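The lines below spell out each chain.
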Amino acid sequence: MGKQKSLLAWFFWLACLVTFSFTAHASASLKFSDEEQAWLEAHPKIHIGIMNAWPPMDYVDNKGQAQGIGVEFVRALNARLGGRLKITPGPWKQTYEAVKARRLDALMDITPRPDREAWFHFTEPYVIVPHVIFARTDAAYIEQLSDLRGRTVGVERGFFIVKVLRDHYPDIEVREYDSTSDALDALSRGETHAYIGNRAVAMYIIESELIANVQPHGKITETSSTNAIGVRKDWPMLRGILQKALDDISTNERRAILRSWLVIPKTAYGLLLSDREQRWLESKDEIRVAAMDNWPPFNFIGSDGRPSGIGSDLIEAINLRLDGKLKIVSGPWKQIYDRVKTGELDAIMDITPKPAREEFFNFTTPYLDIPHVIIAHKAAAFIPDEDYLSGKTLALEKGFGNVRYFRERYPEVSIREYRDTSHALGAVSRGEADAYAGNRSVALYVIEKEVIANLKVHGRLNKSGSILAIGTRKDWPMLGDILQKVLDDISPAEKRGIVIQWVMPETEMPAASVITLTDEEKSWLASKPVIRTGADISWAPVEYLDDEGNLQGISSDYLKQLETMLGVRFEVAKDLSWQETVAAFERGELDMLTSLQRTAQRENYADFTEVYNRFPIAIFTGPKIPYVSDMEDMKGLKVGVVEGYATHEILAREHPDLELVPVARVVDALKKVSSGEIDAFVGSLLVTGYYIGQLGYTNIKVAGETGYAYQQSMAVRKDWPMLVTILNKALAAIPAAERVKINKRWISVRYEHGFDYDLLWKLMAVTIVVFLIFIYWNRHLASINQELRLARNQEQAARREAQQARIAIEEANKKLMELDQLKSMFIASMSHELRTPLNSIIGFSGALLQGLSGDINAEQRDDLQRVYRAGNHLLDLISDVIDISKIEAGRIEVFLQAVALKDIVDDAVQTIQPLADNKQLELSVEADSWPELVTDRKRLFQCLLNYLSNAVKFTEQGQIVVRVSEQGEWLDLSVTDSGIGIAEQDIPKLFEAFERLESHLRLKAGGTGLGLYLTKKIVVELFHGETYVESKLDVGTTFGLRIPRVIEEPDGGSL
Amino acid sequence: MKRALVIEDNNDNMALITKLLNKAGYETLEAMTGLSGFQMAQDERPDFIILDIQLPDIDGTEVLARIRADEQIQAIPVIAMTSYAMAGDREKLLAAGCNGYIEKPINPMKVIEQLELILEG
């Protein structure tokens, strides 16, 4: 039953999700009878009541306008009823009573029920929305009403659910509130345990009022919002008329109405996925996921013969979200690996993403990353890492990656292979091998399970551990995307819950680095065991308080490192806002701050450590403000800054012409930007991006760079210079690898929701990630260099340092590959997603221009032509950018075929002829002969056309000549014009991207600025030829290309 | 009046192409998935079919293959319509048995002309 309901709801949402833009109009099929017609004529005004505070169903906005789904339906009806319906908003009880007493004629938002039929005629429902239980995010999952026994539940006063609860659940305490918003507020602040009501309404309020700690739980079946129109009992005729008009509202128009009001719940089941993904999933009966049969605790066959382990628990968690589509198929690694490779199975668990495997699999991000450790006898001398295994015998699992790793890098280690972890450990236990190296969790699980009492964990391997992801079959990219979304939806807490059952928690701290302190410094530290520290508690992911009130984030990890190194404790003040924190520090109530950028003003009251992190600062804008290239563009805009942040001081000083609006927190600024109260916000890209993602703002974008970066230093009270020296020493001693790890840990936090539904934001998110990785990579490279310099100096340290650097380089390579992938992803999104809306922009403006939607006047035509031309220009630009990116990424497909050059030239000349005719230019072709080519027809055509259109653009009179000549194996193709020519010093710039030479024709000429750049790319990189240009100012220009007549396939053979 | 079946999963594209067709005097039938499109082709026997290649369930080439395998409807002209095709797609689609091919974004000024050219040819 529950499942059926949820499926129904799923379809409902599916229907709502489909994008539409639509205008209301009556269809030709709407016909009223003579009687009805007469009745309508007798009633020029019909008064219809709506709720005044039930967004998005119906409400009155702060300008006093009635808004909402019901209102939209009234509008749609009015389009069919000649505007007869007049809206009267009011509280539910009041409008309801008014219709009963016949002071009003009809009522929106009413659920048809038998007990109401005494006073109302009902139309069919125009919208049905399920009712859902809402609770705080930290609450255990509440599936149904019976889970709420003994709890307090808030609902709206007078709603039907009150009666249901009182009648059937007397042990639930019901509290009534005046509005949905009040009920949700009460829940948010802990006055009630749950709220029950219309999902769309609650989601709308949660979103618009930013109630961050409340989320939807289970759906109830006892009630739902079935909204129909109730008509006064003495007017049955009106009911019939309204029903006819409602029936006339097409499905598309209905969807358009719903779509514009309904907030899509983010965590509810199934709704994670886009339409397309849902439909794809719907088309599959089951998805078969392969898992290993003997790799406890990850995946193995349990004693009951069923798949068990972390992997299968994870699948279960995924299945909760995918309606049980996944089915586990167990088997030995090699076998299941091959079966997924051939597409016989659909996905595989526990796979480590590797470039070599990408040919066969798409990978999700890893769901686990377990370090590899060395296990040896308890009594054996401590083995810290690989280096200490020289001359020893090592037991490993047959075929595992470690075998190759040790053979290649540590040939001095002798290796014995065993068929699984259990056998390998057994060998160490009885002395057949000196040590075992492998996945810590697996080893500990086996040791505990088999009670191997004489072994213990020694050091950790320097190589990266078991990085486990899900691999999906290559021909089903959609599956990869879906699983990724679902994995992202599984919260860290839920994941921890799964893992912790199977794996012992990690207890060890990362090894502290050594620092040398003077005796003076040591004794100073000893006298200060606790240092009162201030941090910004709402600046995630740099620093913030988690739900348990602990400081988290990058700064917090640094503090932990420092605590271990220095033996002090940083006591963080947690109940102060940032502004209060700074004030407390100024008054001397705090000794240091974790993050304060050095500014002139602050040097009056603080000393600063070296900068230990840099975060770029960007400009964020709302929907109405386009891209701003720099701070100058923001003149006259209302720009938000967080009060007291360094950006505030710097902007106030360096850009006095900006209208700054100080706010308390980043989230406050975002709320204002989103609502349009302020135009822009200037803040850290990382932090702001984090909150945008977390809060799911879809209408805020990164609009530009500031050129500033936030320089994170620690600030220390003026009278403690000693602490500054100590902190500087300690910060410098944190190894680069550790810094990278900290940053990576917090920067790679994935946003849980939001941008799946909004293309623009999706692109922005990718851009942010790309940008962050760029920055991070630059910083990272700098640290590696430094590491390497240090390494040369110290003999003993040299080897370890070098090793660290090697790992760092491996990391870096991995990052670069990720970067490349992101880039391709970005391009893929561009090509698919950007074109679709353009299709509509160009298509519909074109339709309007042709008068297909009615006559247009000259002014409208002029405006529309601008839209149409701009759309086409954008399309050209996108196509060029995609082509260039594809060539640069080596992803362009060359489609070689035998083709007559004459066809290509004729096509191009024919295409350009009208433009040449327009300017009365003579266009001719000179050819010694017409060679046959093996080439990519479309690309060569593109190059020639580009030369030709340039020639037409920059030639005002005279002629354009296309020349063809065969030179042995080569073809020379050129276009000569009698145009304005190019100055000698400008020639080298010609083939650069976005270079548009100064000339009086420039503005007039248009174009993307990418044409020649793209042409050169195609000719050089795809055709292995060359481009050339000869020009004389005011005489003319020749652009040419030389390419082999027969292009070879990349693998060497020609067609 | 000639009837066209449009199989296209994007609502906006559907609205655009049907509008252009209607204004040019064609009647239109709409299907948003490959399977329902194929079903509709069997039930309604349209005069020609406009087929998007990227569809949510079975893709356009599969729909095309099924149409060409069905004796009752195999003679109906099919015009493929797909986003910015790579070089080579055209040939692949023509080889798979479609009568012609229109690239997206469609040119609203010319698409009907292109279409009629294909239908005549």
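Here is what the cut-offs are and how they apply
- Residues numbered from 1 in each chain as written.
- Chains lettered and ligands numbered in written order.
- Predicted model: local features only at pLDDT ≥ 70, side-chain atom pairs only at ≥ 80, totals over all residues.
- Heavy atoms only, no water.
- Helix = DSSP H or I, 4+ residues; strand = E, 2+ residues; numbered from the N terminus.
- Buried < 20%, exposed > 50% of the residue type's maximum accessible area, 1.4 Å probe, protein only.
- Contact = heavy atoms within 4.5 Å.
- Areas by Shrake-Rupley, 256 points an atom, 1.4 Å probe, with all protein chains shown as cover.
- pLDDT = per-residue confidence, 0-100.
- Core = buried A, V, L, I, M, F, W, Y, C linked by side-chain atoms within 4.5 Å.
- Phe/Tyr/Trp six-rings, centres within 6.5 Å; stacked < 30°, edge-to-face > 60°.
- Salt bridge = Lys/Arg side-chain N within 4 Å of Asp/Glu carboxyl O.
- Polar contact = N/O pair within 3.5 Å; in protein donor to acceptor, adjacent residues only side chain to side chain.
- Nonpolar A, V, L, I, M, F, W, Y, C, P; charged D, E, K, R; others polar.
- Pairing = 2+ DSSP bridges.
- Axes fitted to C-alpha atoms, helices over the stretch in contact; angles between N-to-C directions.

Regarding its fold elements, chain A presents 32 helices and 45 strands. In chain A, which comprises 1055 residues, the proportion classed as buried is 52%. Pairs at least 24 residues apart make up 73% of the contacts formed inside chain A by residues separated by at least 6 positions. For chain A, the computed accessible surface area is about 48,200 Å², with 51% contributed by carbon and sulfur atoms.

The next thing to look at is the confidence of the model for chain A. All names here are of chain A. Summary statistics for chain A give a mean pLDDT of 80 and a share of 84% for residues scoring 70 or more. With pLDDT under 50 throughout, residues 1-24 is counted as low confidence; its partners more than four residues away or in other chains account for 53 contacts. Between residues 1000-1004, whose pLDDT stays under 50, and residues either more than four places distant or in other chains, the model counts eight contacts.

Residues and elements named next belong to chain A. One finds L562, L566, M592, M634, V666, M714 and L727 to be the most contacted residues of the largest nonpolar core, which totals 85 residues. Setting aside residues up to four positions removed in sequence, L566 forms contacts with I515, L517, L525, I726, L727 and A730. Residues A66, M108, L184 and I241 belong to the second largest nonpolar core, which totals 77 residues.

Turning our attention to the packing of aromatic side chains. The way to describe two aromatic rings as a pair is by their centre distance and the angle between their planes. Residue and element names in this part refer to chain A. Throughout the structure, instances matching the rule amount to 25 aromatic pairs over all chains. With 5.2 Å between their ring centres and 85 degrees between their planes, W280 and W476 make a pair best called edge-to-face. Placement of W280 in helix α10 (residues 275-282) and of W476 in the loop between β26 (466-473) and α16 (477-489) is noted, with a sequence separation of 196 residues between them. On the basis of an interplanar angle of 45 degrees and a centroid distance of 5.5 Å, the ring pair of W333 and Y337 is categorised as tilted.

To continue, consider the interface of chain B and chain A. Counting from both sides, the interface comprises 26 residues of chain B and, opposite them, 32 residues of chain A. Between the two partners, chain B and chain A, sit one salt bridge. Linking A:K938 and B:E103 is a salt bridge whose minimum nitrogen-to-oxygen distance equals 3.7 Å. Taken together, the links from chain B to chain A amount to seven residue pairs in polar contact (both at pLDDT 80 or more). Mapped by element, the contributors of at least two residues to the side of chain B that touches chain A are α1 (11-23) and β5 (100-104) of chain B. The greatest single-element share of the side of chain B that touches chain A, amounting to eight residues, is contributed by α1(B). For the side of chain B that touches chain A, the class distribution of residues is 13 nonpolar, six polar and seven charged.

Reading across from one edge, β28-β29-β30 (chain A) is the order of the three strands in this open sheet, with antiparallel pairing throughout. For this open sheet the edge positions go to β28 (538-539) and β30 (551-552) of chain A, each flanked by a neighbour on one side alone.

Here we take up the sheet that holds strand β45 (residues 1036-1044) of chain A. Residue and element names in this part refer to chain A. In spatial order, the strands read β40-β42-β43-β45-β44; together these five strands make up an open sheet with mixed pairing. Of all the strands in the sheet, just β40 (922-927) and β44 (1026-1032) have a single pairing partner and so form its edges. For this sheet, the mean angle separating the axes of adjacent strands, direction not counted, is 15 degrees. Pairing between strand β42 (residues 959-967) and strand β43 (residues 970-977): eight bridges, direction antiparallel. Residue pairing for β43: V964 is matched across the bridge by L973. Seen against the sheet, helix α30 (residues 937-953) touches β40, β42, β43, β44 and β45 and runs at an angle of roughly 20 degrees to β43.

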